[in-house]
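Coordinate analysis (summary)
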Amino acid sequence: MTFDPIEIAPSILSADFSRLGEEIRAVEQGGASVIHVDVMDGQFVPNITIGIPVVASLRKATRLPLDVHLMIDRPERYVQEFVRAGADRVLVHQEATPHLDRALSMIREAGAQAGAVINPSTPVVTLSDVLDKVDTVLVMSVNPGFGGQKFIPIAFSKIRQLAEWRARYNADYRIAVDGGVDLDNIAQLAQAGANTFVAGTSVFHMPDAGAATRELKRAASKALSQRV
Ligand code: DX5
Ligand code: ZN
């Protein structure tokens, strides 16, 4: 498991699935810290992507940690299987289960790091009673379901609030942001307090995914060093 001060997490949703191994090697060389895997069920979000067998194949294709972002209804039903398949972190949506506390506990009991995710319309305060059970809070800056959407700026105030709580309560959760992250907003996001940056289009739709990863990391690291 890596603990980089700044993590770039390329989202393979925007990669070329016919050359997934090569795409992953490119972002590894560009300094990616983790691989972000978007699992969608056609219920919680209006799209269907990939599942457990793909996570198991990815586990053999890279030594980087795998973040598995579950955009599925009642994710607690599948936590154990994803961890068994090789997920290092499992991220579940606040909106997808009435039993978020239980889902987060199940992830840790299964031996992975736990993440809680909120949609753009979900107030950050809805996570305040589970913050001691999470290793990561993921703030969605698009409505989940698709890559390539426009960044929604409400994410900034949520990231600032989470950073303030993190400092006030001496907590150590990571603050991650997902959706529309690119070179135009990553510095501001790092200054607001985010330290894990999920990026699909701005990595895999660039001519050189490795170079794009490196540039995002450089921009975020520079902003972090200037954070007051
Ligand atoms: C959206 C997914 C994201 C998506 C990000 O539902 O959770 O991880 O792949 O893609 P970009 O960076 O293109 O917004
Ligand atoms: Zn995602």
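Here is a short report on the structure shown in this document. (Residues numbered from 1 in each chain as written. Chains lettered and ligands numbered in written order. Predicted model: local features only at pLDDT ≥ 70, side-chain atom pairs only at ≥ 80, totals over all residues. Heavy atoms only, no water.)

1. What about the site of ligand 1?
Close to ligand 1 lie 20 residues, the nearest being G145, D178, G180, G200 and T201. The separation between an oxygen atom of ligand 1 and a polar side-chain atom of D38 is 2.8 Å. At 2.8 Å from an oxygen atom of ligand 1 is found a main-chain nitrogen or oxygen belonging to G180. Burial of ligand 1 by the surrounding chains reaches 99%, relative to a free accessible area of 380 Å². Elements with a minimum of two residues in the shell around ligand 1: strand 2 (35–40), strand 3 (66–71) and strand 8 (196–199). Of the residues forming the shell around ligand 1, the biggest block, 3 residues, is contributed by strand 2. Residue composition of the shell around ligand 1, grouped by class: 8 nonpolar, 10 polar and 2 charged. (Near = heavy atom within 4 Å. Polar contact = N/O pair within 3.5 Å; in protein donor to acceptor, adjacent residues only side chain to side chain. Areas by Shrake-Rupley, 256 points an atom, 1.4 Å probe, with all protein chains shown as cover. Helix = DSSP H or I, 4+ residues; strand = E, 2+ residues; numbered from the N terminus. Nonpolar A, V, L, I, M, F, W, Y, C, P; charged D, E, K, R; others polar.)

2. With respect to the sheet that holds strand 6 (residues 136–140)
The parallel open sheet is built from 8 strands, whose spatial order is 1-8-7-6-5-4-3-2. Two strands in the sheet have a free side with no partner beyond their single neighbour: strand 1 (7–10) and strand 2. Pairwise comparison of adjacent strand axes, ignoring direction, gives a mean angle of 25° for this sheet. Taken strand by strand, helix 5 (residues 155–168) contacts strand 5 (113–118), strand 6 and strand 7 (174–178), and its axis lies near 170° from that of strand 7. (Pairing = 2+ DSSP bridges. Axes fitted to C-alpha atoms, helices over the stretch in contact; angles between N-to-C directions. Contact = heavy atoms within 4.5 Å.)

3. Concerning the coordination of the zinc ion (ligand 2)
Within the first shell, the zinc ion (ligand 2) binds the protein through H36 (NE2), D38 (OD), H69 (ND1) and D178 (OD), at distances of 2.1 to 2.3 Å. Every donor counted, the 6 donor atoms about the zinc ion (ligand 2) form angles of 71 to 171° at the centre, which fits octahedral coordination. Of note, the donors binding the zinc ion (ligand 2) are all from one chain and are spaced H-x1-D-x30-H-x108-D. Of this pair, D38 sits in strand 2 while D178 is found in strand 7, placing the two residues 140 residues apart along the sequence. D178 matches D38 in its accessibility class, with the two residues each being buried. (Donors = N, O, S within 2.8 Å, 3.2 Å for Na, K, Ca; no water. Tetrahedral: all angles 85-135°; square planar, octahedral: opposite > 155°, others 65-115°. Buried < 20%, exposed > 50% of the residue type's maximum accessible area, 1.4 Å probe, protein only.)

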